[in-house]
Amino acid sequence: KYEISVIPVLSGEIQLGIMLNGVDILGSPMSVSVHPGDFFAETSVATGVGLKKSQAGKRASFNIVPKDAGGNKKGQEDALFNVTLILTERAHVPVGMEIYDANMTDEVAVTGT
């Protein structure tokens, strides 16, 4: 009896083949469904115009792509995002002029897709 363990890094359907002396054992290869791991901030990303450019009084939008430690995309289920907005500078600009600082907003709306 041999105990073998594997750590798949990529999610998806994989074929797990087990051979003994160069011959597949009974049932090999077998189909294994590998699901993404836990959320991992260091591989998750945010993209979109709202991260670079916004205008006072108008909604700035961006997307968060949650991933696991292996970089596999996660679904939105059980996702909890903490978005922190920090006003870094208040320039004296004419009303309606576009502001090119991702931190210049007073409202956050989060929608799952």
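This text follows the structure it describes.
Structural notes, computed from the coordinates. Predicted model, so just to flag it, every value in this text is computed and none were measured.

## Quick notes on the overall build of the protein
Secondary structure summary: the protein contains 0 helices and 6 strands in total. When the helices and strands of the protein are read in sequence order from the N terminus, they spell out β-β-β-β-β-β. Buried positions account for 10% of the 113 residues belonging to the protein. In the protein, 43% of the contacts between residues at least 6 apart in sequence involve partners at least 24 apart. Carbon and sulfur atoms make up 56% of the accessible area of the protein, which amounts to about 9,400 Å² in all.

## Some points on the environment of F62
Among the structural elements, F62 can be located in the loop between β5 (45–47) and β6 (63–65). Judged by its relative accessible area of 33%, F62 falls in the partly exposed class. Along the chain, F62 and G50 lie 12 residues apart, while their C-alpha atoms are 5.2 Å from each other. Not counting chain neighbours up to four residues away, the residues in contact with F62 comprise A46, T47, G48, L51 and V83.

## Things to note about the side chain of D68
By the secondary structure assignment, D68 is in the segment after β6. Within the buried core, D68 has no salt-bridge partner, and the shortest N-O distance to an opposite charge, that of K74, equals 6.5 Å. Polar contacts involving the side chain of D68 include one to the main-chain amide nitrogen of G70, which spans 3.0 Å. D68 has contacts with P36, G37, D38, F40, T43 and K74, leaving out every residue within four places of it along the chain.

## Some remarks on a nonpolar patch on the surface
Taken together, the side chains of I18, L20, I25 and M30 define a hydrophobic patch exposed on the protein surface, amounting to about 310 Å² of accessible area. Here I25 is to be found in the loop between β3 (23–24) and β4 (30–34).

## As for unusual backbone geometry
Keep in mind that most residues, glycine aside, have a negative phi and that most peptide bonds are trans. The omega torsion of the bond from S28 to P29 falls at -5°, within 30 degrees of zero and hence cis. Relative to the helices and strands, P29 resides in the loop between β3 and β4. At N21, a position not held by glycine, the phi torsion is positive, near 55°.

## Focus: the packing of aromatic side chains
With the rule as written, the count across this model stands at 0 aromatic pairs. Across the ring face of F39, the terminal group of K74 is positioned such that the distance to the ring centre comes to 4.7 Å.

## Details of the environment of G48
Mapped onto the fold, G48 is located in the loop between β5 and β6. A relative accessible area of 39% places G48 in the partly exposed class. In this structure the C-alpha to C-alpha distance between G48 and S61, which are 13 residues apart in sequence, comes to 6.7 Å. In this structure, G48 is in contact with S61 and F62, ignoring residues within four places of it in sequence.

What counts as what
- Residues numbered from 1 in each chain as written.
- Predicted model: local features only at pLDDT ≥ 70, side-chain atom pairs only at ≥ 80, totals over all residues.
- Heavy atoms only, no water.
- Helix = DSSP H or I, 4+ residues; strand = E, 2+ residues; numbered from the N terminus.
- Buried < 20%, exposed > 50% of the residue type's maximum accessible area, 1.4 Å probe, protein only.
- Contact = heavy atoms within 4.5 Å.
- Areas by Shrake-Rupley, 256 points an atom, 1.4 Å probe, with all protein chains shown as cover.
- Lys, Arg positive; Asp, Glu negative; His and termini not counted.
- Salt bridge = Lys/Arg side-chain N within 4 Å of Asp/Glu carboxyl O.
- Polar contact = N/O pair within 3.5 Å; in protein donor to acceptor, adjacent residues only side chain to side chain.
- Patch = residues over 30% accessible without salt bridge, like charges linked within 9 Å, V, L, I, M, F, W, Y side chains within 5 Å.
- Phe/Tyr/Trp six-rings, centres within 6.5 Å; stacked < 30°, edge-to-face > 60°.
- Lys NZ or Arg CZ within 6 Å of the ring centre and 35° of its normal.

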